[in-house]
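Next come the chains, spelled out residue by residue.
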Amino acid sequence: MPTAPDPSRTPRTEASSPSPSRPSPSRRTVLATGTAIGGTLVVGGAAVPARAATPAAPGPAVPAPTTVHSPGDSWRTVLDDADLLWQKLPKAWYEGPYLGNGRLGSGIYAEPGATTRAIRFNVQHSEVQDHRPEFGSLFGLARLPIGHFTLEPVGTITGVEWWMRLRTAQLEGTVTTTAGTLELRAFVHSTTDLLTVEVTPSAGEQDFRWVFHPAEAISPRAAFKPLPDGYTSNPPALTEQHGGTTAAVQPLLAGGQHVTAWRERTRGAGRTLYVTVAHSHPAATARDRALRTVKTASALPYGPLAAPHRTWWDRFYRKSFLSLPDARLQRFYWIQLYKTASAARKDAPVMATSGPWLEPTPWPNTWWNLNVQLEYWLIHGSNHLELDAVTRALSEFRDQLSREVAAPYRADSAGIPRTTDPQLVNGASVADGGYGVGIPGQDPPTPEVGNLTWALHNVWLSYRHTMDESILRDTLFPLLRKAVNYYLHFLTPGADGKLHLPATFSPEYGANAPDCNYDLMLLRWGCRTLLDSAEQLGVHDPLTARWQEVLARLAPYPVDANGFMIGAGVPFAQSHRHYSHMLAVYPLYELTGATAGERALIEKSLAHWVGFEGALQGYTFTGAASMSALLGKGEDALKYLGQLMSRFIQANTMYKESGPVIETPLSAAQSLHDMVCQSWGGTIRVFPALPAAWRELTVHDFRTQGAFLLSAVREEGRTRWVRLTSEAGAPCVVRHGIDGPVEIRDRHGRPLAHEESADGTVRIHLRKGDSALITARGDRPDLAIRPVTANEPAPRWGLPA
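Presented here is a report on the structure given in the accompanying data block. (Residues numbered from 1 in each chain as written. Predicted model: local features only at pLDDT ≥ 70, side-chain atom pairs only at ≥ 80, totals over all residues. Heavy atoms only, no water.)

Section: the sheet that holds strand β9 (residues 180–188)
With mixed pairing, the 10 strands of this open sheet are ordered in space as β12-β13-β14-β15-β10-β9-β8-β7-β2-β38. The two strands at the open ends of the sheet, each matched to only one other strand, are β12 (238–242) and β38 (798–799). Bridge analysis of β12 against strand β13 (residues 245–251) gives five bridges, and the strand direction is antiparallel. Across the sheet, residue histidine 242 finds its bridge partner in β13, namely threonine 245. (Pairing = 2+ DSSP bridges. Helix = DSSP H or I, 4+ residues; strand = E, 2+ residues; numbered from the N terminus.)

Remarks on the nonpolar core
In summary, soluble globular proteins display a tendency toward joint burial of nonpolar side chains. Among the nonpolar cores identified, the biggest contains 214 residues, and Trp162, Leu166, Trp334, Leu394 and Ile764 are the most heavily contacted of them. Once you skip the residues sitting within four places of it in the chain, isoleucine 764 turns out to touch Cys732, Val734, Ile744, Leu752, Ala753, His754, Ala772 and Ile774. Ranked by size, the runner-up nonpolar core spans nine residues in total, among them Val249, Val259, Ala286 and Ala290. (Core = buried A, V, L, I, M, F, W, Y, C linked by side-chain atoms within 4.5 Å. Buried < 20%, exposed > 50% of the residue type's maximum accessible area, 1.4 Å probe, protein only. Contact = heavy atoms within 4.5 Å.)

Focus: unusual backbone geometry
Geometrically, the link from histidine 281 to proline 282 is a cis peptide bond, its omega value of 0° lying close to zero. Relative to the elements of secondary structure, proline 282 occurs in the loop between β15 (270–280) and α3 (286–298). Following tyrosine 586, the chain continues to proline 587 via a peptide bond in cis, the omega torsion being 15°. Residue position: proline 587 is located in the loop between β24 (563–564) and α14 (596–610). A positive phi angle, near 55°, is found at phenylalanine 687, a position not held by glycine. Tracing the sequence through the fold places phenylalanine 687 in the loop between β28 (684–686) and β29 (697–704).

Comments concerning the packing of aromatic side chains
Per the counting criterion, the structure on display carries 40 aromatic pairs. Members of the aromatic cluster, joined through ring pairs, are Trp75, Tyr98, Trp312, Trp313, Phe316, Tyr317, Phe321, Tyr333, Trp334, Tyr338 and Trp357. Taking NZ or CZ as reference, arginine 271 lies 3.7 Å from the ring centre of phenylalanine 208, over its face. Arginine 328 extends its terminal NZ or CZ atom over the ring of tryptophan 797, reaching a point 3.4 Å from the ring centre. (Phe/Tyr/Trp six-rings, centres within 6.5 Å; stacked < 30°, edge-to-face > 60°. Lys NZ or Arg CZ within 6 Å of the ring centre and 35° of its normal.)

A few points about the sheet that holds strand β4 (residues 104–110)
Backbone-to-backbone hydrogen bonds pair the strands of a sheet. The strands run either parallel or antiparallel. Strand order across the open sheet formed by five strands is β3-β4-β5-β6-β11, with antiparallel pairing between neighbours. The open sheet is flanked by β3 (98–100) and β11 (209–214), the only strands paired with a single partner. Across the sheet, the mean angle separating the axes of adjacent strands is 20° when strand polarity is ignored. Sheet topology places β3 next to β4; three bridges connect them, and they run antiparallel. Residue pairing across strands places leucine 99 opposite serine 106, the latter belonging to β4. (Axes fitted to C-alpha atoms, helices over the stretch in contact; angles between N-to-C directions.)

Function cannot be read off these values alone, since they describe shape.
Right, here's the structure in full:
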């Protein structure tokens, strides 16, 4: 299938990547600053903001750029600062370290019921699932728990000091016991499904041991909901010996197997455990693959095995940079990038609600009425399209999307259920076992019909941030056409001459409503996007007139004295965590507060929504933060993120509602993006919603719509400079936020043609591959990219003493 360009093949940072073997500088070392010539960014390592340059009179063009490299640099500084620390033993998944590569995941914490005797290393895998569709997506197609290892010391555990090192995606530290110490380091390999743990014991801990505990292969939902008739767990795993390797082979009733294989090797004073998981269906081939992986990996010591892993992560982080003066939030942000790359890959399953770290949960599969969308938003601004599994999965399994709507509509329509497995299959409709697409105007099944259109908005974002026309042509346009077609079957004219929808479901509110805002908003966005896409592609579609008619005649969004309603006749009248009734505001940006009346409607609706305490949850506050950022209210956005942090985010930055729910912390990172940069409506807005306390801020290679890479620095409460690099030659319109007259120069210091508007917006004539540097007229600021100084100290994430 067509894929978006891989930014890693054309790195935009001017810093050199340090050798994996290069020693880290002291965490307190003040690193040498870089210099800058012309419009070239020079990456330095100082952990203090740059001083304001003395404005100079305009002069001749400066010389061609010279690149300066730094052995210790800005990424190293912010990543080392964001490391999580444990000086108390974590006792649950939402307290402990976690490792992953989009498939294999491991969460580490004290063994429940034996917290001073053993440490659990969970082993879970995002591809391991059941294959019995007759029991629905949440039972018969559910992700299956695999098991865990326990690290069992000789003595009783008396203390730990662990670091989760973001820069190398590695856990390292010490376990102290009554018998001695265990020095450990561990990682899940970035490109191979391999967990590696090296333990170096002191003399009294030489006889520590590893024990594997296979889990019962049953849907985790079984602990929360009644089992469907006829549903039973899979048979127990069988343990086999293959030379020096042990394999726990889990047969599946539907055919196939998943296998956990491991081996321990001793080299010098250390013992290294190598673990892998493989899954196969319907063939029983997983055992052979698992054994080969362990055999190959165990031939290498820990260090050489980790070297390419460290290189992968170094390249990952260097695709973008963000530093802000709130130490707690800055650390949180970088941890979310680590978490996302630990949970997502383009060719891995779309993230389930828990990512790869499966724990007891009523939601053991992929959720499409909010979770998936929020999970992947941050990949766009952070310049990580290599993690975009949504576009890949919707394209790869597109035929299944037509099979998920009722038979009379399959020829020209498509939809996605609330829940699916990685192949987008919902399975049979059984009680508490899955939720189908439904039919507008009918119930049961619940007519939740807008989820595919919303998921395709993520695909549209991937297109807009790369301008890769293959995404538009091969995935977005044909699938959005079918998603909108499903709505068209049910639109009917009313006495008012408007087109109306029969009753559909606004996710999670618990009531069906005609002219449901969730669906009207998605339908309007869908028709507008189809028309724009057809024009871009040069397609003369026979449905063009119909899409235009829908835009002209679609019923207005139902509103009342409190703002947006759920739908016609159904007010927003109870606490509700989901903003399904407000999608036109965010993330669709169909309503942006462009007029006084529109702004008042958004403000009133937002206040009414968050004013109902009781059912509000974490992502309520990320949505509220992003809507506030749209309105330019940085203080409100920060307030909502503060409520999220204090009320919902756990010690290790995870989030829980009955079980792990990964989307909320990731969407909080997107809320930070929305405060720092917005690019909806064809205009790039630099620093649109910063609170007053954020007087310094640095962003580098932030990806915007139109396929621009943005770098900008704020100093002493004002924007000093903005640089934009065009990857596609799209129109470049930017609201830069620099006070007074500006000058705009290319990478060689030469003036660039542009037009200015009274509102501080400029249109710059940039060709593909060109860059523009915007500064105040006569100003020659320092163009180094550095972390900014925190306003005040903050505790590390984790469990510091």
